[in-house]
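Summary of the model geometry
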Amino acid sequence: MTLSSLGRFVGQDFRRNRRNFVFAAIGIVVGISSFVFFIGLGSGIQRVVSTEIFPLEANRIQVVPRMMQFDDAAAGRIIDSAALDEFARIPGVAAVYPRMKLDVPSTMAMVGSRIDPEEIERISRMPGVRPEWLVAVRDFNSWLEIMADGLDPRLVEDDAEFGEFRDPEPGRPIPILLSKRLVELYNSSFARSRNLPPVNDILIPYLPALPLTVNDSFVSDAQVQGAKVPLRVRLVGTSHHALLGGITMPLETVRKLNRTLRGERAADTYDMAVLEAESSARLTSIQEAVRAMGFGLDTGQQRMAESVGFVVTLVTLGFTLISLVIVGLAAVNIAHTFYMIISERRREIGLLRAVGATRRDVRALFLGEAVLVGGLGGVAGAALGAAACLAVDWLAVQLLPEFPFKPDRFFGYPWWMLAGGVAVAVLFCVVGAFPPSRRAAGLDPASTLTGR
Amino acid sequence: MSFPPSARKTKPPGASAGGAAVIQLKKVSRVYGSGEGATHALRDVTLDIEAGGFIKIVGTSGSGKTTLLNIIGGLDTSYDGRAVVAGRDLRTLSDRALSRFRNRAVGFVFQHFHLLDHLDALQNVALASFFSGWKEDPRERAEEVLVRVGLKDKLRQLPGQLSGGQKQRVAIARALYNRPALILADEPTGNLDTRTSGQIIGFFELLNREDGITVVAVTHEEHLFRKATRGVRLEDGRIVEVGKA
């Protein structure tokens, strides 16, 4: 039997038995819709974890100086220019991005009343700016002691969206980056509770330069030696690579400050280097080489991301299994329906055999009907599940209060989720219909035609 | 039925009357069940049927007529002995080859018509086309044979809209669809009135005479098949008479 003949025959039979099949497919629709719903939710949460909360970079590792240990003779090397050169020579390393801590404390005095009124006026004309924010900004007073570090601009070139991230000309504001996580925490909790404007893509370009005093401390003067260095900083973007509890400047700016305030050695000592591999497959050998050179690896974020990701995967898997159990029960119902249909159509099967159908043809007819039931049930289930995802997504975004890392979308919509839903439905229907189709194919045509 | 004495005396039961045998059965036996409950439907049946013949098989209920027909048509292969039909030793054929044999070489006509209620006359007749893989337009051929059996104006009628005689003519058209050399009819007039039965039998005679199709018909109503070229009588699964009808 050709495929087109099979298709025509299956179509005719489906129309004839559509009521039976619709009832049989209800379980498939319910199971697949919940399958799609839970996969979508798991995928969405996984996306938030891996891109917003603990962003992972598959081809990068973070190298840190290893703490001195008594049983480790190779330990204790600092990261300096020589070490950076060694990292660059490791086979498979594509790039080395050093990171340097600003070796002196800094303070920032943010006093709203000192902000140029013209700046305030300019911000007030921005769309979406609330008047109460401007009042809060004018009344804002905050004196912070903050940490700072310097980062290779190449690592964050995509993150500096609102200005160049490089060592500025003398007298110009220093471009800084803030941690995305820090900004998220500020926006979703501190800013909301104090009625302050959020730090977002709309406002960042209009934020005024803020004063920063390097080599200054509110806490202790012990680390402060020499004159204070008054500077201005301007926010040019947010980055996952930026310091979580401070500000990140261009590497060269920090190097110059360290050289001026702490000497040449401080200007050539890095607290971390990000190594980028040519491919993720090379990471293991690079890690081994780094350890052999006497350095350590900072895998804390990766471990955290993996742990959270594992929990999300586990919960998603649990719900997906429940969905599959529903689909499995539906497959049993499909099997029952097919047994019933085959019992009703014994003579018809005999007739088909009499006019030339092989056993394989008979089996193909019933499996073809199962594919059609599974396909239609799967499409309906996937559509229902996707609709539920969209509806719950919209409701969650609208109704849930703001919280840190609240995503724009709670659900993921990978293409394979819908295709997988339909494929699972077809698979389970075929599995359910297989035993009945075997029985149908094995019927003796002579006895079915004579009713024996 | 009255068989010529010469046929019974000069030839053993079942031997060919002459010409190329399209059906050759040698010591065919069929037993249903096993042990003490076994039923011997056929016992050592030997029969040759020549091409172009019109054979009627008669006998009482349970004498093995339908079993014999099922074996000849390749619907039943659980027999002992040898059955060669249209040059094929049926029991040695694979399921695929046997199905192809049923599709191309044989046309079946049943007492209860066995039409599919959800298909119209054209679709019922073209049923074999699903399994033949022919390039020929199935609707065209189906229409051709339906016109031949006198149902030109019933092409789109469902079986429920047809009389018994019309249903049986649709069934005959279905049997003719793939131009078989052999038609096997199992009590084709069993559900019809006398007048309609006469028309159906007349049609079988026409197919046999004009198209040279070998017709083997099982019947209780042997008096209706007056023009059969041979008759075979079965009793308790044995051939007890073979001869000119």
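Residues numbered from 1 in each chain as written. Chains lettered and ligands numbered in written order. Predicted model: local features only at pLDDT ≥ 70, side-chain atom pairs only at ≥ 80, totals over all residues.

Focus on the domain arrangement of chain A
One frequently used descriptor of interface size is the decrease in accessible area upon assembly of the parts. Residues and elements named next belong to chain A. Using the following cut-off: Throughout the structure description, domain borders are defined by an automatic or database domain assignment. Residues are scored as being in contact if the C-beta atoms we place from backbone atoms lie within 7 Å. In this count, Pro and Cys sit with the nonpolar residues alongside Ala, Val, Leu, Ile, Met, Phe, Trp and Tyr, while Asp, Glu, Lys and Arg are called charged and the others, Gly among them, polar.
One can read the domain layout of chain A as domain 1 (3-54 + 304-450) and domain 2 (96-293). For domain 1 versus domain 2, the separation of C-alpha centres amounts to 52 Å. On the domain 2 side, the residues contacting the five residues of domain 1 number five residues. Considering only residue class, the side of domain 1 that touches domain 2 consists of three nonpolar, no polar and two charged.

Description of the nonpolar core
We count it as follows: By convention in this section, buried Ala, Val, Leu, Ile, Met, Phe, Trp, Tyr and Cys residues joined through C-beta atoms within 7 Å make up a nonpolar core. With C-beta atoms placed from the backbone, a residue is labelled by how many other C-beta atoms lie within 10 Å of its own: buried for 20 or more, exposed for 12 or fewer, partly exposed between the two. To qualify as a helix, a DSSP run of H or I must reach at least 4 residues; to qualify as a strand, a run of E must reach at least 2; elements of each kind are numbered from the N terminus.
In this structure, V327, I334 and C429 of chain A together with V125 and V215 of chain B are the most contacted members of the largest nonpolar core, which totals 132 residues. Top contributing element to this core by residue count: helix 2 (residues 18-53) of chain A, with 14 residues. Core analysis: the next-biggest nonpolar cluster, separate from the first, contains 44 residues, L177, L178, L257 and Y270 of chain A among them.

Looking at the interface of chain A and chain B
At the junction of the two partners, chain A supplies 20 residues and chain B supplies 21 residues. For the side of chain A that touches chain B, the elements supplying multiple residues, two or more each, are helix 1 (3-16), helix 10 (346-354), helix 11 (359-399) and helix 13 (445-450) of chain A. Counted by class, the side of chain A that touches chain B contains nine nonpolar, six polar and five charged residues.

Remarks on the sheet that holds strand 9 (residues 230-235) of chain B
Residues and elements named next belong to chain B. How we decide: Two strands pair under a simple rule: DSSP has to find at least two bridges between them. Lines fitted to C-alpha atoms define the axes here, with helix axes fitted over just the stretch in contact, and angles between the N-to-C directions of these axes take values from 0 to 180 degrees.
On the basis of which strands lie adjacent, the open sheet formed by six strands has the order 6-7-8-3-9-10 and mixed pairing. The strands lining the two open edges of the sheet, one partner per strand, are strand 6 (106-110) and strand 10 (238-243). Here the strands of the sheet are splayed against their neighbours by 15° on average, with no regard to which way each runs. Contacts from helix 7 (residues 164-176) reach strand 6 and strand 7 (182-186) within the one sheet, and its direction differs from that of strand 6 by about 165°.

Looking at the sheet that holds strand 2 (residues 39-50) of chain B
Whether parallel or antiparallel, the strands of a sheet pair through hydrogen bonds between backbone atoms. Residue and element names in this part refer to chain B. If you trace the four strands from one edge of the open sheet to the other, you get 2-1-4-5, paired in antiparallel fashion. Looking at the sheet topology across the chains shown, the edges are occupied by strand 2 and strand 5 (88-89). Bridge analysis of strand 4 (residues 80-85) against strand 5 gives two bridges, and the strand direction is antiparallel. Counterpart to V84 in the pairing with strand 5 is D89.

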